[in-house]
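Here is what each chain is made of, one letter per residue.
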Amino acid sequence: MTVLLGCIADDFTGATDLANNLVRAGMRVVQTIGVPAGPLAAEVDAVVVALKSRTIAPADAVAQSLAALRWLQAEGARQIYFKYCSTFDSTPEGNIGPVTEALMDALATDFTIATPAFPDNKRTVFKGYLFAGEVLLNESGMQNHPLTPMTDANLVRVLQTQTRRKVGLIDHAVVARGAQAIEERIAQLKAEGIGIAIVDAVSNDDLLRLGPALAQMPLVTAGSGVAIGLPSNFGIAPSSAASALPAASGLQAVVSGSCSLATNRQAQHFIASGRPALAIDPLRIAAGVDVVAEALAWAAPLVESGPVLVYSTAESGAVKSVQGRLGAPEAGAMVERTIAAIARGLVAHGVRQLVVAGGETSGACVQALGIAQMQIGPQIDPGVPWCHASAAAAGGEGLHIALKSGNFGTDDFFAKAFTVP
Ligand code: ADP
């Protein structure tokens, strides 16, 4: 058994998003939490190693990514895919450039592509400029991101500040002409000494035209969009068998530590539909109240008759006020620990279908639940599939879990998730 596609993702929910696209294109996929200690147990077509390397020091990101590469090579991976955010989240130091370069060196390859295009989620690249929805990246709100402010939408320029290799462009006029034109352009760029090419893509058709041109490339770097065009290179076609998971059973719950706009709407929708919901107040956690025990005592009788929601989700004014009193990282870490302990308690109580909202929150929960690998199942909404995992907190039993990054999902997501088979 060999893995066809070995993927390295720079954050947790991003890994799931990529895995979801591969499953929809017909691959059986396992996502691992960090680099596994031993070989893979399941038989799959692709593995996504989820790192948390987006905003750490470049040298650490490189070291972790190379460790993931070595493990994937030991599993026989025929092609490597480095996955980053569809808004190209990075700083002038990295980590997209340094990690790409290190992987190219390790794979002894002198050319790769880079494109965060993901048209299904309204991320498009044209003439090398990244659009988020209707606007350029640097007008999308990302220019104010606390960790990775994106003040330039020109990805050729952005990536060039992060790498010693020359960065070029495969523009839309070429992509529109199909795989052969793309391959000719790649040959031309290589001859000009270009090492990494940003690729334009404004539609899924563009990504599907790009796919065949990447068949022989040892390394692909991209957001999750490019993944839709790769499985067919290995003779794999979409099939519902790829997303088959064991039947779901057991109690149902949602925990949310995301304060994104979409999550706020989703929490409000769940509450308005009359379902049981409990808000967690960060100031009470800070005051030493045993909020975890309170939440578990609240949930125990209610969860018997349907899904419950425990949330710290709040609007930006309330979050800023808490951050002002406790400090932003301190408040974040404290809330993450609390939500994760509640998730663990709910699973110990018998919850076997769990939705987690929030990227960082998901990382904390998966760690607290003792999950090392997840099989990727059917999609609930773009970027968010149900997964199945063996969890220490469930006494080693199977747990269905969905990890929703902040701005993903429709307003009725928290109730709808439990209706997806
Ligand atoms: P998203 O995917 O929406 O960005 P994350 O879980 O990645 O969600 O990040 C949300 C962060 O905000 C986490 O660190 C979380 O602990 C923190 N947080 C959640 N609720 C609150 C709150 N009410 N006040 C302050 N910080 C909060």
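What you see is a predicted model; the values in this text were computed from it and never measured. (Residues numbered from 1 in each chain as written. Predicted model: local features only at pLDDT ≥ 70, side-chain atom pairs only at ≥ 80, totals over all residues. Heavy atoms only, no water.)

**Section: the domain arrangement of the protein**
Here's step 1: Its domain assignment divides the protein into domain 1 (5–239) and domain 2 (245–419).
Here's step 2: Placing a centre on the C-alpha atoms of domain 1 and another on those of domain 2 gives a separation of 29 Å.
Here's step 3: With 18 residues of domain 1 at the interface, the matching set in domain 2 holds 23 residues.
Here's step 4: Among the residues of domain 1 in contact with domain 2, Phe-12, Thr-13 and Asn-20 are the three that bury the most area, contributing 30% of the side total.
Here's step 5: Counting every contact that joins domain 1 to domain 2 gives 1 salt bridge.
Here's step 6: Between Glu-360 and Lys-52 there is a salt bridge, with the nearest N and O atoms lying 2.7 Å from each other.
Here's step 7: One can count 6 residue pairs in polar contact (both at pLDDT 80 or more) joining domain 1 with domain 2.
Here's step 8: Every element with two or more residues in the side of domain 1 that touches domain 2 is listed here: α1 (12–24) and β2 (29–33).
Here's step 9: For the side of domain 1 that touches domain 2, the element with the most residues is α1, which contributes 8 residues.
Here's step 10: Class assignment of the residues belonging to the side of domain 1 that touches domain 2 gives a composition of 9 nonpolar, 6 polar and 3 charged. (Domains from an automatic or database assignment. Contact = heavy atoms within 4.5 Å. Buried area = accessible area lost by both parts, 1.4 Å probe. Salt bridge = Lys/Arg side-chain N within 4 Å of Asp/Glu carboxyl O. Polar contact = N/O pair within 3.5 Å; in protein donor to acceptor, adjacent residues only side chain to side chain. Helix = DSSP H or I, 4+ residues; strand = E, 2+ residues; numbered from the N terminus. Nonpolar A, V, L, I, M, F, W, Y, C, P; charged D, E, K, R; others polar.)

**Thoughts on the pairing of strand β6 (residues 123–126)**
Here's step 1: Bridging between β6 and strand β7 (residues 129–132) involves 4 bridges; their strand directions are antiparallel. By the bridge assignment, Phe-126 is partnered in β7 with Tyr-129.
Here's step 2: The antiparallel hairpin formed by β6 and β7 contains 2 residues in its connecting segment, where Lys-127 sits at a positive phi of about 55°. (Pairing = 2+ DSSP bridges.)

**Some points on the pattern of salt bridges**
Here's step 1: Applying the stated criterion across every chain yields a total of 14 salt bridges.
Here's step 2: Where Arg-54 meets Asp-89, a salt bridge forms, and the shortest distance between an N and an O atom there is 4.0 Å. In this pair, Arg-54 is assigned in the loop between β3 (46–50) and α2 (58–74) and Asp-89 in the loop between β4 (79–83) and α3 (96–106), connecting sequence segments 35 residues apart.
Here's step 3: Judged by relative accessible area, Arg-54 falls into the buried class, the value being 15%.
Here's step 4: Residue Asp-89 is classed as buried on the basis of its relative accessible area, which comes to 7%. (Buried < 20%, exposed > 50% of the residue type's maximum accessible area, 1.4 Å probe, protein only.)

**Here's the deal with the sheet that holds β6**
Here's step 1: The 3 strands are arranged β6-β7-β8 in an open sheet whose pairing can be described as antiparallel. Of all the strands in the sheet, just β6 and β8 (135–136) have a single pairing partner and so form its edges.
Here's step 2: Where β7 and β8 come together, 2 bridges link them in antiparallel fashion. Paired with Phe-131 across the two strands is Leu-136, which belongs to β8.

**Describing empty space enclosed by the protein**
Here's step 1: Here the structure, examined in full by the defined rule, presents 1 cavity of 30 Å³ or more.
Here's step 2: A volume near 40 Å³ is recorded for the largest cavity.
Here's step 3: As for the largest cavity, its lining consists of Asp-10, Ser-53, Arg-54, Phe-82, Asp-89, Asn-95, Ile-96 and Val-99.
Here's step 4: Taken together, the residues of the lining of the largest cavity break down into 3 nonpolar, 2 polar and 3 charged. (1 Å grid on protein atoms, 1.4 Å probe; cavity = no way out; pocket = protein on both sides within 12 Å on 5 of 7 lines; lining within 4 Å. Points joined across faces, edges and corners; volume = space filled by probe spheres on them.)

**With respect to the layout of surface pockets**
Here's step 1: Approximately 270 Å³ is the volume attributed to the second largest pocket.
Here's step 2: Residue lining of the second largest pocket: 15 residues in total, with Phe-12, Ile-33, Lys-52, Gly-363 and Gln-367 positioned closest to the centre.
Here's step 3: Sorting elements by how many residues they give to the lining of the second largest pocket places helix α13 (residues 359–369) first, with 5 residues.
Here's step 4: When residues of the lining of the second largest pocket are assigned to domains, at least three fall in each of domain 1 (5–239) and domain 2 (245–419).

**What to know about the site of the ligand**
Here's step 1: The environment of the ligand is made up of 18 residues, and the closest members are Ser-258, Ser-260, Glu-336, Glu-360 and Thr-361.
Here's step 2: The separation between an oxygen atom of the ligand and a polar main-chain atom of Gly-359 is 2.8 Å.
Here's step 3: Within the backbone of Glu-360, a nitrogen or oxygen atom sits 2.7 Å from an oxygen atom of the ligand.
Here's step 4: Protein coverage of the free-state accessible area of the ligand, which is 570 Å², stands at 83%.
Here's step 5: Only α11 (316–326), α12 (328–349) and α13 provide two or more residues apiece to the shell around the ligand.
Here's step 6: Residue composition of the shell around the ligand, grouped by class: 6 nonpolar, 10 polar and 2 charged. (Near = heavy atom within 4 Å. Areas by Shrake-Rupley, 256 points an atom, 1.4 Å probe, with all protein chains shown as cover.)

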